[in-house]
Amino acid sequence: MEIVGQLQKQYVDFINSLFREGYLDDQYVQLQKLQDDSNPEFVVEVVSIFFEDSEKLLNDLASSLQQQVVDFKKVDGYVHQFKGSSSSVGAQRVKNACVAFRNFCDEKNLDGCSRFLNLVKQEFYLVKNKLETLLRLEQQILQAGGTVPLIE
């Protein structure tokens, strides 16, 4: 049982660092609270959908910004959608980058949009890596017979 305690401590330390460093916000805690015995994979499912949707949105954004004539309204729609999905899983830094990205869409500033596409990509892949690590830790805790600590 000592391994469970170590894994739980590692989990708590890691998730607290994600909040402290601004990767996650309270929306992630809200997601965890929606998970129960009737739907034990809820968080994994929601986060997996976020990963899939985000990859598609990033591709759509890159493609839209490479057009001869950029449709900034369309780009803004993609960024708005990305902001919403990142907000729904608590990916705070991605959401914040999207907010700034939208300002460049409003200004029809292609250079700014291209810079922020790179920033949004960077923030997405960082949080994706961190969430994958967090979900792996959760699985290890469960496989060792423990329960995942809830963060308040």
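Since the structure is predicted, the reported quantities are computational estimates derived from the model, not experimental observations.

Visitor: How would you summarise the UniProt feature "domain: HPt" (unreviewed entry) in the protein chain if you had to cite specific residues and measurements?
Guide: Sites flagged by UniProt as "domain: HPt" (unreviewed entry) map to residues 39-134. As annotated, residues 39-134 has a helix share of 85% and a strand share of 0%, and its two end C-alpha atoms lie 18 Å apart.

Visitor: Pulling in residues and values, what's your account of the side chain of E138?
Guide: Here E138 is to be found in helix α6 (residues 110-143). In this structure, E138 is in contact with Y11, Y28, Q32 and V148, ignoring residues within four places of it in sequence.

Visitor: For the environment of K33, give the residues involved together with the corresponding values.
Guide: Positionally, K33 belongs in helix α2 (residues 26-34). Here the alpha-carbon distance between K33 and E152, two residues 119 residues apart in the chain, equals 9.6 Å.

Visitor: If you had to explain the UniProt feature "modified residue: Phosphohistidine" (unreviewed entry) in the protein chain to someone new, which residues and values would you point to?
Guide: Mapped onto this structure's residue numbering, the UniProt feature "modified residue: Phosphohistidine" (unreviewed entry) falls at H80. As for its position among the elements, H80 is in helix α4 (residues 72-89).

Visitor: Can you lay out the pattern of salt bridges for me, pointing to particular residues and giving the numbers?
Guide: In this structure the tally under the stated criterion is seven salt bridges. A salt bridge links D13 to K9; its shortest N-O distance comes to 2.6 Å. With D13 and K9 both in helix α1 (residues 2-20) and four residues apart, this pair spans about one turn of that helix. A salt bridge links K128 to E132; the nearest nitrogen and oxygen atoms lie 4.0 Å apart. With K128 and E132 both in helix α6 and four residues apart, this pair spans about one turn of that helix. When salt bridges with common partners are traced through the structure, they connect E55, K128 and E132 into a single cluster.

Visitor: Describe the nonpolar core, with residues and values.
Guide: Counting 45 residues, the largest nonpolar core has Y28, F82, F101 and L134 as its most contacted members. Those elements that provide at least two residues to this core are α1, α2, α3 (42-65), α4, α5 (92-106) and α6. Here the element with the most residues in this core is α6; it accounts for 11 residues. Here L134 is in contact with Y11, F14, I15, L18, L24 and Y28, once residues within four sequence places are set aside.

Each value, and the rule that gives it
Residues numbered from 1 in each chain as written. Predicted model: local features only at pLDDT ≥ 70, side-chain atom pairs only at ≥ 80, totals over all residues. Heavy atoms only, no water. UniProt positions renumbered as here; feature names shortened; annotations may be inferred. Helix = DSSP H or I, 4+ residues; strand = E, 2+ residues; numbered from the N terminus. Contact = heavy atoms within 4.5 Å. Salt bridge = Lys/Arg side-chain N within 4 Å of Asp/Glu carboxyl O. Core = buried A, V, L, I, M, F, W, Y, C linked by side-chain atoms within 4.5 Å. Buried < 20%, exposed > 50% of the residue type's maximum accessible area, 1.4 Å probe, protein only.

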